[in-house]
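A structural walkthrough
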Amino acid sequence: MEGCKMTSAYNLLDDSNEFLNEFKDVKPLKQDNNFHTSQSKFTLAKQLKREAIESDYNQAKNYLSTEEVIPIDPYDHIMFKQSGIQNGVYKNLRRGKYTINSVLNIQNTQFEQARHNVFNTILNSHFKGDRTILIKHGLGLHSKPYPGLLKSYINKWLRQIPEVIAFHTALPNHGGNSSVYVLIKKNQQQKSHNRELYYSK
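Conventions and cut-offs
Residues numbered from 1 in each chain as written. Predicted model: local features only at pLDDT ≥ 70, side-chain atom pairs only at ≥ 80, totals over all residues. Heavy atoms only, no water. Helix = DSSP H or I, 4+ residues; strand = E, 2+ residues; numbered from the N terminus. Expected span 1.5 Å × (residues − 1). Buried < 20%, exposed > 50% of the residue type's maximum accessible area, 1.4 Å probe, protein only. Contact = heavy atoms within 4.5 Å. 1 Å grid on protein atoms, 1.4 Å probe; cavity = no way out; pocket = protein on both sides within 12 Å on 5 of 7 lines; lining within 4 Å. Points joined across faces, edges and corners; volume = space filled by probe spheres on them. Lys, Arg positive; Asp, Glu negative; His and termini not counted. Salt bridge = Lys/Arg side-chain N within 4 Å of Asp/Glu carboxyl O. Pairing = 2+ DSSP bridges. Axes fitted to C-alpha atoms, helices over the stretch in contact; angles between N-to-C directions. Right-handed = clockwise from strand over helix to strand, strands pointing away. Phe/Tyr/Trp six-rings, centres within 6.5 Å; stacked < 30°, edge-to-face > 60°. Patch = residues over 30% accessible without salt bridge, like charges linked within 9 Å, V, L, I, M, F, W, Y side chains within 5 Å. Areas by Shrake-Rupley, 256 points an atom, 1.4 Å probe, with all protein chains shown as cover. Charge placed at Lys NZ, Arg CZ, Asp CG, Glu CD. Core = buried A, V, L, I, M, F, W, Y, C linked by side-chain atoms within 4.5 Å.

Moving on: helix H5 (residues 149–160). If you check H5, its first and last C-alpha atoms are 17 Å apart, about what twelve residues at 1.5 Å a residue would give, namely 16 Å. Taken residue by residue, H5 has Leu149, Leu150, Lys151, Ser152, Tyr153, Ile154, Asn155, Trp157 and Leu158 as its buried positions. Close packing links the buried residues of H5 with strand E1 (79–81), helix H4 (111–128), strand E3 (132–136), strand E4 (164–169) and strand E5 (179–184).

Below you can see the structure in the form of structure tokens.
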């Protein structure tokens, strides 16, 4: 039965890749007074279908753990940095020095939806080149089966994502113990750009 599930997931990934490749060059049509309504509906339908495929694709490869974790006290700080990350970079992150490119709020969100949102947001942010995001997970004082449920899983999930190179509980003005700064590594395009700048000097 497990083999069937894995085969199904791989098939979904292959189909998704083929679909995404097929539509990667699709661009919105220029406005035309005569065909504006029909073309807009056509373009919107393609966009919605693409988003649905991308969502299924990401969900199929979502490896974030659903197993039990060690509970984190709602008022405790959570922190992590990959080996090799400069202390100065990490210091700037925990001091809130970096511009926050986007905010994800998963407070009062169901577990599976929170897991889905965290995974997709991190991967999409890395793809777009966003370096710093703020995740609002809440304190979860009344969450079940124990307080700080989502915070405890955030502490584990972020460590499982290779694109996350560091995270730290936010400053009070950004939510304090109910939020976390997340630093995302540069994508390939950003790395290539940096190499070009370096070798051009």
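Before going further, it helps to examine the layout of surface pockets. In this model, the second largest pocket occupies a volume close to 290 Å³. In this structure, the second largest pocket is lined by 17 residues; those nearest its centre are Asn108, His137, Gly140, Ser143 and Leu150. For the lining of the second largest pocket, the leading source of residues is H5, giving three residues.

Another point: H4. For an α-helix the count is 3.6 residues per turn, leaving residues at separations of three or four pointing the same way. Taking 1.5 Å of rise per residue, 18 residues should cover 26 Å, and H4 covers 26 Å from first to last C-alpha, within 8% of that figure. Looking only at H4, the buried set comprises Ala114, Arg115, His116, Val118, Phe119, Asn120, Thr121, Ile122, Leu123, Ser125 and His126. Looking one or two residues beyond H4, the residue adopting positive phi is Gly129, at roughly 95 degrees.

Note on placement: Lys151 falls in helix H5. Among buried Asp, Glu, Lys and Arg side chains, Lys151 stands out as unpaired, with Asp73 the closest opposite charge at 6.6 Å. With near-sequence residues (within four places) excluded, Lys151 lies in contact with Ile72, Asp73, Pro74, Tyr75, Asp76, Ile78, His137, Gly138 and Asn177.

Spatially, E1-E4-E5-E3-E2 is the arrangement adopted by the five strands of the open sheet, whose pairing is mixed. The sheet is open, and its two borders are formed by E1 and strand E2 (102–105), each paired with just one other strand. The average angle at which neighbouring strand axes cross in this sheet is 25 degrees, direction not considered. In terms of strand pairing, E1 meets E4 through three bridges, oriented antiparallel. Each residue of the ladder has a partner; that of Met79, found in E4, is His168. Running over the sheet, helix H3 (residues 87–94) touches E1, E3, E4 and E5 and is turned about 45 degrees from E4.

Time to look at the pairing of E2. The sheet contact formed by E2 and E3 spans four bridges and is parallel. Bridging across to E3, Leu104 finds its partner in Ile135. The β-α-β motif built from E2, the intervening H4 and the parallel element E3 has right-handed crossover chirality.

Moving on: the packing of aromatic side chains. What the rule picks out here adds up to five aromatic pairs. Judged by centre distance (5.5 Å) and plane angle (55 degrees), the ring pair of Phe111 and Trp157 falls under tilted. Separated by 46 residues along the polypeptide, Phe111 in helix H4 and Trp157 in helix H5 bring together distant segments of the chain. The partly exposed category is assigned to Phe111, whose relative accessible area is 24%.

Here we take up unusual backbone geometry. Cis geometry is found at the peptide bond from Lys144 to Pro145, where omega equals 10 degrees. Here Pro145 lies in the loop between E3 and H5. Despite not being glycine, Asn108 shows a phi value in the positive range, around 60 degrees. Positionally, Asn108 belongs in the loop between E2 and H4.

Turning our attention to a positive patch on the surface. Together, Lys91, Arg94, Arg95 and Lys97 make up a positively charged patch on the protein surface. Inspection of the secondary structure puts Arg95 in the loop between H3 and E2.

The next subject is the nonpolar core. Ranked by size, the top nonpolar core spans 27 residues in total, and within it Val118, Ile122, Ile135, Ile154, Leu158 and Val182 carry the most contacts. Only H4, E3, H5, E4 and E5 provide two or more residues apiece to this core. It is H5 that provides the largest number of residues to this core, a total of six residues. Other than its neighbours up to four places away in sequence, Ile154 contacts Ile78, Ile106, Val118, Ile135, His137 and Val180. With nine residues, the next largest nonpolar core counts Ile85, Leu134, Ile165 and Leu183 among its residues.

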